[in-house]
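Each chain is listed here by its residues.
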Amino acid sequence: MIKVKVLGRSIEREIEWRKGLTVADILREVGFNTESAIARVNGRVALEDDRVNDGDYVDVIPVVSGG
């Protein structure tokens with residue numbers, strides 16, 4: 001299982017790990033895309049194509065913009 005927390009949104013989920021799972025897959029599963037959020041895997045900023053391993057912890061940080 002992969003623990004996912006969306007910062008600032010009070011969303012915490014566990015996602016079942018599967019072979020080939022990427023950061024982009026995790027973002028989609030919690031309702032974001034790679035342009036609307038940044039992910040940290042085990043405390044380190046991760047790229048969208050980075051693989052996620054069983055037991056990892058992912059923080060999703062929504063991007064805020066405006067003027």
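Residues numbered from 1 in each chain as written. Predicted model: local features only at pLDDT ≥ 70, side-chain atom pairs only at ≥ 80, totals over all residues. Heavy atoms only, no water.

Student: Please explain the nonpolar core as it appears in this structure.
Tutor: Taken as a class, soluble globular proteins show a tendency for nonpolar side chains to be buried jointly. Core analysis: the biggest nonpolar cluster contains 17 residues, and Val4, Ile26, Val58 and Val60 have the highest contact counts within it. With residues near it in sequence (within four places) discarded, Val60 still touches Val4, Lys5, Val6, Leu7, Leu27, Val30, Phe32, Ala37 and Ile38. (Core = buried A, V, L, I, M, F, W, Y, C linked by side-chain atoms within 4.5 Å. Buried < 20%, exposed > 50% of the residue type's maximum accessible area, 1.4 Å probe, protein only. Contact = heavy atoms within 4.5 Å.)

Student: Explanation requested: unusual backbone geometry in the structure shown.
Tutor: The residue Ser10 is not glycine, and still its phi comes out positive at about 55 degrees. Under the relative-accessibility criterion, Ser10 is labelled exposed at 79%. A positive phi is found at Asn42, a non-glycine position, where the angle reads about 50 degrees. Topologically, Asn42 is positioned in the loop between strand E3 (37–41) and strand E4 (44–46). (Helix = DSSP H or I, 4+ residues; strand = E, 2+ residues; numbered from the N terminus.)

Student: Teacher, can you tell me more about a negative patch on the surface here?
Tutor: Taken together, the side chains of Glu35, Glu48, Asp49 and Asp50 define an acidic patch exposed on the protein surface. Mapped onto the elements, Asp50 comes out in the loop between E4 and strand E5 (57–62). (Patch = residues over 30% accessible without salt bridge, like charges linked within 9 Å, V, L, I, M, F, W, Y side chains within 5 Å. Areas by Shrake-Rupley, 256 points an atom, 1.4 Å probe, with all protein chains shown as cover. Salt bridge = Lys/Arg side-chain N within 4 Å of Asp/Glu carboxyl O. Lys, Arg positive; Asp, Glu negative; His and termini not counted. Charge placed at Lys NZ, Arg CZ, Asp CG, Glu CD.)

Student: Can you help me understand the environment of Ala37 in this one?
Tutor: Within the element layout of this structure, Ala37 appears in strand E3. Discounting chain neighbours no more than four positions away, the residues touching Ala37 are Leu27, Phe32, Val60, Ile61, Pro62 and Val63.

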